[in-house]
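Architecture and fold: a report
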Amino acid sequence: TDLKTLVWMDRRDEALGYARLRENVKKKFDSIMIVQKELTAKGQTDASLNLLLDEAAELARAIDGESALGAVVNALAQLGRFDEAESFIRSIERGRQDGGWYNLVVPLAEADRMENAIRAAGEIKDEESRARVLRKLAEFCLTPGKETYADPVFEEAEKAAQAITKEQDQAGALAVLTKSL
């Protein structure tokens, strides 16, 4: 069943019914996120969309890996629900939080919440991931009006890159950061 088509034909409940019928947790999650994405694209951001995201968040917790968690964080961030995204990340067991923080940094910066973006980047435990997202944040700091954050972000990006234990990966991270300057 084409869930996107059902949503665009204003058959939202039917689309959700089909999405919830999926037996596999990952497929159910993916289907609910398709419905959520299409509803958001249509501009339907009512309270029922919040409930749908809550349902997706519960399913994401049951899925191995960080991609489902990151998708929920992205969806919350797109709706400007940054505090909820942060609470969701913190509710996940420690070893799985990096992907959520990674997915929250750039939307925070784009929403002019630079202090929160820098703090979120600092929550990432994996040095390579932290260096990668700080590089993105450093590039963002080159835009007019964001220059005041450039020095602390570049310093944090350099520290993260230097903390990478594999020499080749460390050199690559530093090279990419240098290109951003």
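To start, this report covers the structure provided alongside it. Just so you know, these numbers come straight off a predicted model, no measurement behind them.

1. Quick notes on unusual backbone geometry
- In this structure, aspartate 10 takes a positive phi of about 60° despite not being glycine.
- In this fold, aspartate 10 is placed in the loop between helix H1 (3–8) and helix H2 (12–21).
- One non-glycine residue with positive phi stands out, namely aspartate 112, at about 65°.
- With respect to the helices and strands, the residue aspartate 112 is situated in the loop between helix H7 (98–110) and helix H8 (114–122).
- Aspartate 112 sits in the exposed class, given a relative accessible area of 52%.

2. Comments concerning the packing of helix H5 (residues 67–78) against H7
- The N-to-C vectors of H5 and H7 enclose an angle of 25°; their axes lie 8 Å apart at closest approach. In terms of their interaxial angle, H5 and H7 are classed as roughly parallel. Once H5 is placed against H7, the crossing between them reads as right-handed. Note on element contacts: H7 touches H5 through Gly99, Gly100, Asn103, Leu104 and Pro107, opposite Gly70, Val73, Asn74 and Ala77.
- Here the contact of H5 with H7 is composed, by residue class, of four nonpolar, five polar and no charged.

Conventions adopted
- The numbers attached to residues start from 1 for each chain and follow its sequence in the written order.
- Only residues with pLDDT of at least 70 get local features here, since the model is predicted, and only at 80 or more are side-chain atom pairs given and counted; chain-wide, interface and lining totals rely on the full set of residues.
- By convention in this description, side-chain values take in all heavy atoms of the structure and omit both hydrogens and water.
- For the purposes of this entry, the term helix denotes a DSSP run of H or I that reaches at least four residues, the term strand denotes a run of E that reaches at least two, and both are numbered from the N terminus.
- A simple rule labels every residue: compare its accessible area, found with a 1.4 Å probe on the protein chains alone, to the largest value its type can have, and call it buried under 20%, exposed over 50%, or partly exposed in between.
- Fitted lines through C-alpha atoms give the axes, limited to the stretch in contact for helices. The angle between two N-to-C directions lies from 0 to 180 degrees.
- The labels follow the angle: roughly parallel below 35 degrees, roughly antiparallel above 145, roughly perpendicular from 65 to 115, and oblique for the rest.
- In a left-handed crossing the near helix is turned counterclockwise from the far helix by less than a right angle, and in a right-handed crossing that turn is clockwise.
- By definition, residues are in contact when any of their heavy atoms lie within 4.5 Å.
- In this classification, Asp, Glu, Lys and Arg are treated as charged, Ala, Val, Leu, Ile, Met, Phe, Trp, Tyr, Cys and Pro as nonpolar, and every other residue, Gly included, as polar.

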